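# Chains, contacts and geometry: an overview
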Amino acid sequence: MTWRDILSKSTAYLNAKGVPDGAVAAECLVARLLRMRRGELIPALAHEADEKRLAAMRRGLARLTAGEPLQYVLGEWDFRTLTLGCDRRALIPRPETEELVTRVLADLKARATSGATPFVVDVGTGTGAIILSLAKEFQAPAIFLGTDVSADAIALAQENAVRCGLANRVKFAVADGLDDFDEPESIDILVSNPPYIESSVLATLDPRIRDHEPRLALDGGASGLDFYDRYLADALNLLKPGGAVFFEIGENQGEALRQLMTDYGFVEITIENDYAGHTRYASGRLA
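Scope of this entry: the structure provided in the associated data block. (Residues numbered from 1 in each chain as written. Predicted model: local features only at pLDDT ≥ 70, side-chain atom pairs only at ≥ 80, totals over all residues. Heavy atoms only, no water.)

### Regarding unusual backbone geometry
Phi is positive for Asp21, which is not a glycine, with a value near 50°. Looking at the secondary structure, you find Asp21 in the loop between α1 (3-16) and α2 (22-33). Judged by relative accessible area, which is 59%, Asp21 ranks as exposed. Although it is not a glycine, Arg35 sits at a positive phi angle of roughly 55°. In this structure Arg35 comes out as exposed when scored by relative accessible area, which is 72%. (Helix = DSSP H or I, 4+ residues; strand = E, 2+ residues; numbered from the N terminus. Buried < 20%, exposed > 50% of the residue type's maximum accessible area, 1.4 Å probe, protein only.)

See the structure below:
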């Protein structure tokens, strides 16, 4: 069979099994096996498939129909300018988080005019997507640190730092939130995409999320706000004057985050929507 035949049959099979975006998933699998991007596939589709790659394609299809997320089956996923290793050790990087990076970059660029070297901490770094993207795209001197309570996630983030050529630019550490920081007024920017799903809602999630992505990266406690409350309290001591926090948040959490940040004394509080029109980002600054 040619790869065009395989792609057609695979798409039909995935659609019949209820796999979301079956055509995209099939194209991604073929592109991964042929070591090219989806946009480069067309000339290669006329070639016949060898048995080893065909067997690998079958295995990939079986994993998808069993409910495993495409990103984990591929073992990698694109995030902004980076291609990151992606597996069950950490949450899958999502497009909404790319815009969180955009907001932090704007703040970093504004700080660059002062000539100081900003210290940026990404709490709950997971794959390292946020902090690695910041280090890649912000060219001025800065200190970048990613932390996570999961040693497995930190191992994955370190692998991604090497993969992206950023191992000398970004450091990672196993830490429970900000508990291990003991130097007051040392951080310029705190960024986090923390767990924000209410504990009672976890059982209702899509099985591809619920049964495969790490619960540690999803469960935000009874209200979904546990980690924001904790990080904001710690930030009062750890942020420099004028330091900023940037969070990704749940679509129904905007007003609750605004109130939390107000209660903790933050100013210039901003709640913003993502491209889909859902509330997704909260930021604020210490006076």
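### Describing helix α7 (residues 151-163)
Taking 1.5 Å of rise per residue, 13 residues should cover 18 Å, and α7 covers 18 Å from first to last C-alpha, within 8% of that figure. Turning to α7, its buried residues number three or more, namely Ala153, Ile154, Leu156, Ala157, Asn160 and Ala161. Along the axis of α7, the buried positions cluster into a sector of 160°, meaning they face one direction only. On the buried face of α7, the contacting elements are β2 (82-85), α6 (129-137), β4 (143-148) and β5 (170-174). Looking at where α7 begins, the residue whose side-chain oxygen comes 3.3 Å from the main-chain nitrogen of Asp152 is Ser150. Gly165 sits one or two positions beyond α7 and adopts a positive phi of about 70°. (Expected span 1.5 Å × (residues − 1). Arc of directions from axis to C-beta. Contact = heavy atoms within 4.5 Å. Polar contact = N/O pair within 3.5 Å; in protein donor to acceptor, adjacent residues only side chain to side chain.)

### Focus: the packing of aromatic side chains
Tallied over the entire structure, the rule returns two aromatic pairs. With a centroid separation of 6.0 Å and an interplanar angle of 55°, the aromatic rings of Phe227 and Tyr231 are classed as tilted. Taken together, the positions of Phe227 and Tyr231, both in helix α9 (residues 226-238) and four residues apart, correspond to about one turn of that helix. Pairing Tyr228 with Phe247 gives two aromatic rings, centres 5.2 Å apart and planes at 75°, and the pair type is edge-to-face. Of this pair, Tyr228 sits in helix α9 while Phe247 is found in strand β7 (residues 239-248), placing the two residues 19 residues apart along the sequence. (Phe/Tyr/Trp six-rings, centres within 6.5 Å; stacked < 30°, edge-to-face > 60°.)

### Observations regarding the packing of α2 against helix α3 (residues 51-65)
Contact geometry for α2 and α3: axes closest at 10 Å, N-to-C directions at 145°. Handedness of the crossing formed by α2 with α3: right-handed. For the pair α2 and α3, contact is made by Ala25, Ala26, Leu29, Val30 and Leu33 and by Arg53, Ala56, Met57, Gly60, Leu61 and Leu64, respectively. Here the contact of α2 with α3 is composed, by residue class, of nine nonpolar, one polar and one charged. (Axes fitted to C-alpha atoms, helices over the stretch in contact; angles between N-to-C directions. Left-handed = near helix turned anticlockwise from the far one by under 90°. Nonpolar A, V, L, I, M, F, W, Y, C, P; charged D, E, K, R; others polar.)

### A look at the pairing of β2
Inspection of the sheet shows strand β1 (residues 76-79) paired to β2 by four bridges, in the antiparallel sense. Bridging from a neighbouring strand, Phe79 pairs with Leu82 of β2. Remark: two residues form the turn of the hairpin made by β1 and β2, two consecutive strands paired antiparallel; Arg80 in that turn has positive phi of roughly 50°. (Pairing = 2+ DSSP bridges.)

### Quick word on the environment of Leu91
Position of Leu91 relative to the elements: it lies in the loop between β2 and α5 (95-112). Exposure remark for Leu91: the relative accessible area of 21% places this residue in the partly exposed category. A C-alpha to C-alpha distance of 23 Å links Leu91 and Leu14, two positions 77 residues apart in sequence. If we skip the residues at most four places from it in the chain, Leu91 touches Tyr72, Thr127, Asn193, Glu213, Pro214, Ala217 and Leu218.

### Overview of the side chain of Gln71
Position of Gln71 relative to the elements: it lies in helix α4 (residues 70-74). By relative accessible area, Gln71 is classed as buried at 17%. Among residues more than four places away in sequence, those in contact with Gln71 are Glu76, Trp77, Cys86 and Ile92.

### Considering the side chain of Thr125
Considering the arrangement of structural elements, one finds Thr125 in the loop between β3 (119-123) and α6. Thr125 sits in the buried class, given a relative accessible area of 7%. When residues no more than four places from it in sequence are discounted, the contact partners of Thr125 are Ile131, Gly146, Thr147, Asp148, Ile154, Ala157 and Phe172.

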